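Architecture and fold: a report
Listed here are the chains, written in short residue letters.
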Amino acid sequence: MATAGVKQFKNFIGGEWVDAVSGQTFESVVPATGDVLGTFPRSGAEDVDRAVAAAKQAFADWRLVPAPERGTILLRFAQLLERDKQQLTDLMSHEMGKVLAEAGGDVQEAIDMAIYMAGEGRRMFGQTTPSELRDKFQMSVRLPVGVVGAITPWNFPIAIPAWKLTPALICGNTVVLKPAEDTPLLAERFVELLSEAGIPVGVVNIVHGFGEEAGDRLVRHPDVPVITFTGSRETGILVTKAAADNLKHVHLELGGKNGIIVMEDADLDLAAEGIAWSAFGTSGQRCTAASRVIVHEKVYDELAKRLVARAEAMRIGPGWEPDTDLGPVINRAAIEKIDAYSRIGEAEGAQLLTGGEAATDGDLAKGHYYRPTIFGRVDPEMRIAQEEIFGPTTALIPIADFDEAINVANGIRYGLSSAIFTRDVNRAFRAMRDLQTGITYINAGTTGAEVHLPFGGTKDTGNGHREAGNAALDVFTEWKSIYVDYSGKLQRAQIDNQ
Ligand code: ADP
């Protein structure tokens, strides 16, 4: 590993770039090569406490800044992301590992979200309603909650901070961001650009470090009333329990085990393309990745053949090389987990059709690469069809008819995304109604959400909240109902009192 001359990065607290109080650091490592990109503060409780104090102080004024003015800053932020898009894309292909086209898409999603939320500064609609009484006016307004603790994962290192911070900020909250320990440099660039856009001192703070240390302190801090978290189901449960003593608002976006149904009348070329993109894009490290393909027996063999051919034609390499189809996975632990599931799949009796091993030819040995993996004839109850693997692995599950397809699709604990390929409009509408997921695609893969519709899932994928679009505002505001009596006399509410 190249550690000599490595740049040291800092936390951003109350407008100052500072080290962790303990002086401890950790490294950000390129998953494709093992090179070190920089060192970052390994923050503890004291660092989090300072960041929360700065955010709390800044809230006193930020909540009073007119929302359209807050929107102007977010619009400038979007322009700065646009200005630096190429550089951020390149950095993401190094620090996180995804291929250039997807890294560019990640940055673009942040740009789009910032523009959308800037516009919310001039909407943030409430309701006005008639009153039961004469000469009385009433309305509801959204008010900010306070300091938001944002805990983010590494798989969308620019987009997810944007999904969380831009709605939090437009609503008038201040933020402490604890980004993933695998992609701290992208998070620090994100915060630098917010600062350059004109976010006032203390309104956005970043505290680097590990989940069990900095993350846990943020979740438990009594002055942080809102936690927004994206990560694994298991950590989501820990976060919920840790936040319970203070009755915090907890927003969770957790895992998925997303299924694509392919009926016998589907356009198989289109389906194969959609499945390959959803299963192997970002090396399967998306919470919306298609890790199950639920396919009608009549087209099973043909689809399996086409998918295997596509998987075997993928070029594996560093994300920044323009002809790479499949980049590395995030770290060594990820390789071990994905490989363990390949062995579990074989032991369970599924047919390994392709892949099932790390890719270590030549320079690939320096990084964390895994071959695109397809299991065939998978039983829906097998662990590889039930548990989130978060790698380039998908399971083909044969079914005999539409009803069985829906039952298999719904027969998991998660409920994020789903898809169906069919030319039958009646089936398509039944699928839209009956698939128990927060997102359903017709004749497309399971990935590709747009920023202006709600994003999130049912069942164990979350706790009922949604990110993105107008729905995101519900996480970051409290409703207040206001009654104004201009009759000049005491009017009692409820008509039966009159
Ligand atoms: P992943 O498998 O995607 O790494 P995690 O749920 O482990 O998912 O991590 C997502 C984010 O949650 C990261 O920023 C991580 O540091 C943080 N985290 C992990 N454990 C905890 C915890 N106990 N409390 C708060 N945050 C945590």
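Residues numbered from 1 in each chain as written. Predicted model: local features only at pLDDT ≥ 70, side-chain atom pairs only at ≥ 80, totals over all residues. Heavy atoms only, no water.

All right, on to the site of the ligand then. Taken together, the neighbourhood of the ligand is formed by 17 residues, with Thr152, Lys178, Glu181, Ser232 and Thr235 sitting nearest. For the ligand, an oxygen atom lies 3.4 Å from a polar atom in the side chain of Trp154. For the ligand, an oxygen atom lies 2.9 Å from a polar atom in the side chain of Thr235. Protein contact buries 80% of the 560 Å² of open area that the ligand shows by itself. Residue contributions to the shell around the ligand peak at four residues, all from helix α7 (residues 211-220). Taken together, the residues of the shell around the ligand break down into six nonpolar, seven polar and four charged. (Near = heavy atom within 4 Å. Polar contact = N/O pair within 3.5 Å; in protein donor to acceptor, adjacent residues only side chain to side chain. Areas by Shrake-Rupley, 256 points an atom, 1.4 Å probe, with all protein chains shown as cover. Helix = DSSP H or I, 4+ residues; strand = E, 2+ residues; numbered from the N terminus. Nonpolar A, V, L, I, M, F, W, Y, C, P; charged D, E, K, R; others polar.)

In this section: the domain arrangement of the protein. For the protein, the domain assignment lists domain 1 (11-254 + 462-481) and domain 2 (258-442). When each unit is reduced to the centre of its C-alpha atoms, the spacing between domain 1 and domain 2 is 31 Å. Across the boundary between the two partners, domain 1 contributes 23 residues, which contact 27 residues of domain 2. Here domain 1 packs against domain 2, burying approximately 2000 Å² in sum over the two surfaces, 62% of which is carbon and sulfur. Per-residue buried area on domain 1 facing domain 2 is highest for Pro31, Ala32 and Glu102; these three make up 25% of the total on that side. In this assembly, domain 1 and domain 2 are joined by zero salt bridges. Where domain 1 packs against domain 2, one counts four residue pairs in polar contact (both at pLDDT 80 or more). For the side of domain 1 that touches domain 2, the secondary-structure elements that each account for two or more residues are α3 (85-95) and α4 (100-120). Ranked by the residues each element gives to the side of domain 1 that touches domain 2, the list is headed by α3, at four residues. (Domains from an automatic or database assignment. Contact = heavy atoms within 4.5 Å. Buried area = accessible area lost by both parts, 1.4 Å probe. Salt bridge = Lys/Arg side-chain N within 4 Å of Asp/Glu carboxyl O.)

Below, the discussion takes up the packing of aromatic side chains. Counted by the stated rule, this structure contains seven aromatic pairs. Where Phe26 meets Phe40, the ring centres are 6.1 Å apart and the plane angle is 35°; that geometry is what we call tilted. Highlighted residues: Phe26 in strand β3 (residues 25-29) and Phe40 in strand β4 (residues 36-41), separated in sequence by 14 residues. Neither Phe26 nor Phe40 differs from the other in exposure class; each is buried. Seen in terms of ring centroids, Trp154 and Phe390 are 5.7 Å apart; in terms of plane orientation they differ by 80°. Their pairing is edge-to-face. Here Phe390 lies in the loop between β15 (373-376) and β16 (393-399) and Trp154 lies in the loop between β7 (147-151) and α5 (159-170), a separation of 236 residues in the sequence. Given the relative accessible area of 15%, Trp154 is considered buried. Positioned above the aromatic ring of Trp62 is the side chain of Arg70, whose terminal nitrogen or guanidinium carbon lies 5.9 Å from the ring centre. Over the face of the ring belonging to Tyr300 we find Arg377, whose NZ or CZ atom lies 4.1 Å from the ring centre. (Phe/Tyr/Trp six-rings, centres within 6.5 Å; stacked < 30°, edge-to-face > 60°. Buried < 20%, exposed > 50% of the residue type's maximum accessible area, 1.4 Å probe, protein only. Lys NZ or Arg CZ within 6 Å of the ring centre and 35° of its normal.)

Turning our attention to the nonpolar core. Side chains of a nonpolar character, in soluble globular proteins, are inclined to be buried together. One finds Leu165, Leu169, Leu194, Ile261, Val262, Leu303 and Val378 to be the most contacted residues of the largest nonpolar core, which totals 131 residues. At nine residues, the largest contribution of residues to this core is made by α4. Residues from two domains meet in this core; each of domain 1 (11-254 + 462-481) and domain 2 (258-442) gives at least three. Once residues lying within four places of it in the same chain are set aside, the contact partners of Val262 are Leu268, Ala271, Ile275, Val293, Ile294, Val295, His296, Val299, Leu303 and Phe421. Ranked by size, the runner-up nonpolar core spans 23 residues in total, among them Val18, Val147, Val207 and Val224. (Core = buried A, V, L, I, M, F, W, Y, C linked by side-chain atoms within 4.5 Å.)

On strand β6 (residues 136-144), burial follows the alternation: Lys136, Gln138, Ser140, Arg142 and Pro144 on one face are buried, whereas Phe137, Met139, Val141 and Leu143 on the facing-out side are not. Where strand β5 (residues 128-129) meets β6, two bridges bridge the pair, whose relative direction is antiparallel. In the strand pairing of β6, Thr129 is matched with Gln138. The pairing of β6 with strand β21 (residues 477-485) spans nine bridges and is antiparallel. Of the residues in β21, the one forming a bridge with Met139 is Ile482. (Pairing = 2+ DSSP bridges.)

Here we come to the side chain of Ser291. Locating Ser291 in the fold gives a position in strand β13 (residues 290-296). Those residues in contact with Ser291 that lie beyond four places of it in its chain are Lys257, Asn258, Thr393, Thr394 and Ala395.

Now for the packing of α3 against α4. Orientation of α3 relative to α4, taken along the N-to-C sense of each, is 125°, at an axis distance of 8 Å. As far as their axial angle goes, α4 and α3 are oblique. In this structure, α3 meets α4 at a crossing whose hand is right-handed. Where α3 approaches α4, its residues Lys85, Leu88, Thr89, Asp90, Met92 and Ser93 are matched on the opposing element by Leu100, Ala103, Gly104, Asp106, Val107, Gln108 and Ile111. Considered class by class, the residues forming the contact of α3 with α4 number six nonpolar, four polar and three charged. (Axes fitted to C-alpha atoms, helices over the stretch in contact; angles between N-to-C directions. Parallel < 35°, antiparallel > 145°, perpendicular 65-115°, else oblique. Left-handed = near helix turned anticlockwise from the far one by under 90°.)

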